[in-house]
Amino acid sequence: LTLLNKWANENMTSQALKYMIAKDLVLYGTSKSYLNHASSTSNEITGIYPMPTRDIRIKVLDVDNIHQEAIVENQKANKNVQYYDDLLLSFVRHSDNGIYGHGIIDLNGDVLRLGIKQRDYELNLLDNGAVPMSVIESDENLSPKKIDAVSAAWSKAYTTVRNAGRTVLLEKGLHYKQAALSPDKMQLTEGKASLLSDVARILNIPESILNSQANKY
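A short tour of the structure in this document, coming up. (Residues numbered from 1 in each chain as written. Predicted model: local features only at pLDDT ≥ 70, side-chain atom pairs only at ≥ 80, totals over all residues. Heavy atoms only, no water.)

1. Observations concerning the overall build of the chain
Now for step 1: Along the chain, the regular secondary structure elements total six helices and eight strands.
Now for step 2: Beginning at the N terminus, the succession of helices and strands in the chain can be written as α-α-β-β-β-β-β-β-α-α-β-α-β-α.
Now for step 3: Taken over 217 residues, the chain has a buried fraction of 25%.
Now for step 4: Residue pairs at least 24 apart in sequence account for 51% of intrachain contacts in the chain once pairs closer than 6 positions are excluded.
Now for step 5: In the form shown here, the chain has an accessible surface area of approximately 15600 Å², with 52% of it arising from carbon and sulfur atoms. (Helix = DSSP H or I, 4+ residues; strand = E, 2+ residues; numbered from the N terminus. Buried < 20%, exposed > 50% of the residue type's maximum accessible area, 1.4 Å probe, protein only. Contact = heavy atoms within 4.5 Å. Areas by Shrake-Rupley, 256 points an atom, 1.4 Å probe, with all protein chains shown as cover.)

Pasting the structure below:
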């Protein structure tokens, strides 16, 4: 009880241990921890050492047509250290064999990838679109060298968030034309709301925790 309620080992509190177990269960569906005993012949457990699921590899061995065993390999160690699975503290969810399970990365990877891509896209808009996406038109044909020079000067002067709101100054014969759509017209706002709804469903939590506009009360 001391290991589960106070200190899991000499470096980690029991609260940190439970957080790590819960995180790995949600993300990967599997949590494995090494149980340190007072001696090789003792049943007294003196420490619980969690192994991050992202750093382990599980090899399932068929004993016969019914029974299975597993070896857990810690790949983060200097040398790959192997443990018998039945000697570890194990937690699994969405499991078919009781040895390893499946978390939201396996079961809902498409939603997570969409969220990452949407975040990256919005970050790129902030980096490159502080001034709306636009077109610079010229009354005369420009040489490739002149086009590169105008493009470089425009990027330096008007892109990135720090340059937002600056007055646009153009050479004679050049015209600025806005070509960007608002976030609403690009359906970014609607897409984000839909994504937050999917994430809330995956985590089995009220949508209002992630999106205040979803609070209907």
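2. Comments concerning the nonpolar core
Nonpolar side chains in soluble globular proteins tend to end up buried together.
Now for step 1: If you look at the biggest cluster of nonpolar residues, it comprises nine residues: Leu3, Ala8, Met12, Leu17, Met20, Ile21, Leu25, Leu35 and Ile48.
Now for step 2: At four residues, the largest contribution of residues to this core is made by helix H2 (residues 14-28).
Now for step 3: When neighbours within four sequence positions are excluded, Met12 is seen to be in contact with Trp7, Leu17, Met20 and Pro50. (Core = buried A, V, L, I, M, F, W, Y, C linked by side-chain atoms within 4.5 Å.)

3. Re the sheet that holds strand E3 (residues 56-62)
Now for step 1: The antiparallel open sheet is built from three strands, whose spatial order is E3-E4-E5. Either end of the sheet is taken by a strand with one partner, and the two such strands are E3 and strand E5 (81-84). Averaged over all neighbouring strand pairs, the angle between strand axes comes to 25°, with direction disregarded.
Now for step 2: Two elements, strand E4 (residues 68-74) and E5, share four bridges in a ladder whose sense is antiparallel. Within the sheet, the bridge partner assigned to Glu73 lies in E5 and is Gln82. (Pairing = 2+ DSSP bridges. Axes fitted to C-alpha atoms, helices over the stretch in contact; angles between N-to-C directions.)

4. Here's the deal with the side chain of Thr53
Now for step 1: Its location among the elements puts Thr53 in the loop between strand E2 (45-51) and E3.
Now for step 2: Within the local environment of Thr53, its side chain forms a polar contact with the side chain of Asp24, the two groups lying 3.2 Å apart. (Polar contact = N/O pair within 3.5 Å; in protein donor to acceptor, adjacent residues only side chain to side chain.)

5. Description of the pattern of salt bridges
Now for step 1: Tallied over the entire structure, the rule returns four salt bridges.
Now for step 2: The shortest N-O distance in the salt bridge between Lys59 and Glu73 comes to 3.7 Å. You can see Lys59 sitting in strand E3 and its partner Glu73 sitting in strand E4, a full 14 residues away along the chain.
Now for step 3: Classification of Lys59 by relative accessible area gives partly exposed; the value is 32%.
Now for step 4: Among the ionic pairs, Asp198 bridges to Arg201, the shortest N-O distance being 3.8 Å. Placement of the pair is Asp198 and Arg201 together in helix H6 (residues 188-203), with a separation of three residues, close to one helical turn.
Now for step 5: You can call Asp198 partly exposed: its relative accessible area is 24%.
Now for step 6: Judged by its relative accessible area of 54%, Arg201 is exposed. (Salt bridge = Lys/Arg side-chain N within 4 Å of Asp/Glu carboxyl O.)

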